[in-house]
Amino acid sequence: MIYAYIFVMAGVTYLIRMLPLTLIQKKISNVYIRSFLYYVPYACLTAMTFPAILYATASPISAFAGLAAAIFFAMKEKSLVMVACFSCIGVFITERILELI
Amino acid sequence: MHNNIKEGLKDGIPIALGYFSVSFTFGMLAVNSGMAPLHAVLISLFNLTSAGQFAGLNVILSGASLLEMALTQLVINMRYALMSLSLSQKFDSCVKTRHRLLIAYGNTDEIFAVASSKRGSVGQYYMYGLILLPVLGWVGGTLTGAIASTVMPAFVRSALGVALYGMFIAIVVPPAKKESTVRTVVFIALALSSMFYYLPVLKQVSGGFMIIICTLLAAGIGAVLFPIKEGEEA
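As the structure is a computational prediction, the values presented were derived from the model and not from experiment. Within any chain, residue numbers begin from 1 and follow the written order of that chain's sequence. Written order determines the labels here, with chains lettered from A and ligands numbered from 1. Predicted model: local features are reported for residues with pLDDT of at least 70 only, side-chain atom pairs are reported and counted for 80 or more only, and whole-chain, interface and lining totals are derived from all residues. The side-chain figures draw on all heavy atoms in the structure; neither hydrogens nor water molecules are used.

Numbering goes from the N terminus for both helices and strands, where a helix is a DSSP run of H or I of at least four residues and a strand is a run of E of at least two. Broken down by element type, chain B carries 12 helices and zero strands. The helix and strand sequence of chain B, counted from the amino end, reads α-α-α-α-α-α-α-α-α-α-α-α. Exposure classes here rest on a 1.4 Å probe applied to the protein chains alone. A residue is buried below 20% of its type maximum, exposed above 50%, and partly exposed in between. Taking all 234 residues of chain B together, 53% fall into the buried category. Throughout, a contact is declared for two residues whenever any of their heavy atoms are within 4.5 Å. Long-range contacts, defined as pairs at least 24 residues apart, comprise 76% of the intrachain contacts of chain B with a sequence gap of at least 6. Only carbon and sulfur atoms are counted for the fraction: they give 70% of the accessible area of chain B, which is about 10000 Å². Here the positive residues are Lys and Arg and the negative ones are Asp and Glu; neither His nor the chain ends is included. By convention, charge coordinates are those of NZ in Lys, CZ in Arg, CG in Asp, or CD in Glu. In chain B, 15 side chains carry a positive charge and 10 a negative one; their mean positions are 4 Å apart. Only the protein chains shown count as covering a residue, and every accessible area follows the Shrake-Rupley method with a 1.4 Å probe.

To continue, consider the overall build of chain A. A tally of helices and strands in chain A yields four helices and zero strands. Secondary structure of chain A in N-to-C order comes out as α-α-α-α. Overall, chain A is about 55 × 45 × 20 Å in size when its C-alpha atoms are taken along their principal axes. For chain A, the residues scored as buried account for 53% of the 101 residues in total. Considering only contacts in chain A between residues 6 or more positions apart, those separated by 24 or more positions represent 44%. With the model as given, the accessible surface of chain A reaches about 4900 Å², and the carbon-plus-sulfur share is 77%.

On to the UniProt feature "transmembrane region" (unreviewed entry) in chain A, then. Residue and element names in this part refer to chain A. UniProt positions are given in the numbering used here, feature names are shortened, and annotations may be inferred rather than shown by experiment. In this numbering, the UniProt entry assigns the feature "transmembrane region" (unreviewed entry) to residues 6–24, 59–75 and 80–98. Secondary structure across residues 6–24 divides into 95% helix and 0% strand, with the first and last C-alpha atoms of the span separated by 28 Å. Here residues 59–75 runs as 94% helix and 0% strand, with 24 Å between its end C-alpha atoms.

Okay, helix α3 (residues 50–61) of chain B next. Taking 1.5 Å as the rise per residue, α3(B) with 12 residues should run 16 Å; its terminal C-alpha atoms sit 17 Å apart, in good agreement. Among the residues of α3(B), B:G52, B:Q53, B:A55, B:G56, B:L57, B:V59 and B:I60 are the ones counted as buried. Buried residues belonging to α3(B) abut α1 (2–23) of chain A together with α1 (5–32), α2 (37–47), α4 (66–77) and α8 (124–147) of chain B. Two residues or fewer past α3(B), B:G63 is found with a positive phi of approximately 65°. Between the first and last residue of a helix there are one fewer steps than residues, each counted as 1.5 Å, and that sum is the expected span.

Attention now moves to the side chain of A:S35. In this fold, A:S35 is placed in helix α2 (residues 31–49). Among all residues touching A:S35, those that are not within four sequence positions of it are B:A223, B:F226, B:P227 and B:I228.

Turning our attention to the nonpolar core. Definition used in this section: a nonpolar core is a set of buried Ala, Val, Leu, Ile, Met, Phe, Trp, Tyr and Cys residues joined via side-chain atoms within 4.5 Å. Among the nonpolar cores identified, the biggest contains 99 residues, and B:M35, B:F91, B:V114, B:M127 and B:L130 are the most heavily contacted of them. Residue contacts for B:M127: discarding those within four places in its chain leaves B:L87, B:F91, B:I103, B:I111, B:A115 and B:V122.

Here, a salt bridge means any Lys or Arg side-chain nitrogen found within 4 Å of an Asp or Glu carboxyl oxygen. Evaluated as defined, the whole model comprises six salt bridges over all chains. Here the residues in one salt-bridge network are A:E77, B:K177 and B:K178, joined through shared partners.

Our focus in this paragraph is the UniProt feature "transmembrane region" (unreviewed entry) in chain B. Residue and element names in this part refer to chain B. As recorded in UniProt, the sites labelled "transmembrane region" (unreviewed entry) are residues 12–31, 51–76, 125–148, 154–173, 180–199 and 205–228. Secondary structure across residues 12–31 comprises 100% helix and 0% strand; the distance between its end C-alpha atoms is 27 Å. Helix and strand shares over residues 51–76 are 85% and 0% respectively, and the end C-alpha atoms of the span are 7 Å apart.

Another point: the packing of aromatic side chains. Stacked, tilted and edge-to-face pairs are distinguished by plane angle, under 30 degrees for stacked and over 60 for edge-to-face with tilted covering the rest, among Phe, Tyr and Trp rings (Trp via its six-membered ring) whose centres lie within 6.5 Å. Applying the stated criterion across every chain yields a total of 10 aromatic pairs over all chains. Ring geometry for A:Y38 against A:Y39: centres 5.4 Å apart, planes inclined by 65°, an arrangement best described as edge-to-face. When sorted by exposure, A:Y38 lands in the same class as A:Y39, which is buried. Here the guanidinium or amino end of B:R79 rests over the ring plane of B:Y80, the centre of that ring lying 4.5 Å away. Look at NZ for Lys and CZ for Arg. If either is within 6 Å of the ring centre and within 35 degrees of the ring normal, a charge sits over the ring.

Laid out in structure tokens, this is it:
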């Protein structure tokens, strides 16, 4: 039974990813659809990040510090790895400070 | 066009590191709730998705039907259809169907995000490079978490919790700073997702659906308000 679950799970997930990628290969010329698809990554990543990030650590306060650090270094256009690192460091330092209070 | 496997591998390193810590948690959770380590690893290898796997684990543990499993995965992972549609437009014309069949397997939130952030089009070798290390990180993290008797210290896991979000922010903020249109779309998505998170009734909506609705609305409003003329895209 466990293999049936895994098969259904993997099959559905793969089809969702595969069908649009293979069936719609032509360049879309409609300006509205093109614009829509251009905005999709930004809309999607934003919705996934906020407010979920606030609950990704031990406390919303440290998570907020991580968020602030990430936005600050992203504004300075640091690389993805650097922004991710500074964000983690922000969380780490804030949690140590919270322990002291 | 970006079609260098080395460039892909390099871009995949931070994703792989982030995946390792998330799938470590998945492996631990799965084994703690009674699943065999082999099964946890197989789920990670064949699904390569976080939210869908955690939800799938619940479905398996509660002994629900296969139909319920299919529907849960459909709702939670439907956002990948939007991402694949967007990614399809990003591919160079040299990316043939057989390559698309393989690349589809690796279209995760983060891989999609990094591929989208590239200027111009991308080719299959870049994509293969980009996908490889995150898959190893994801499966390796699951295995390590599943067999680890000693747990990663809680403070390390807490700090790593924001790593992937940090990457997302690094992708969204620079274009939002430069283009007021992207900035508006980002703020609309931000407002919508906060509403879905905190308002009564709306917060009943599952995480997967919430992301689909926010993406459709924010990107849709953006397309109607600020259509981009041919050749203006980055």
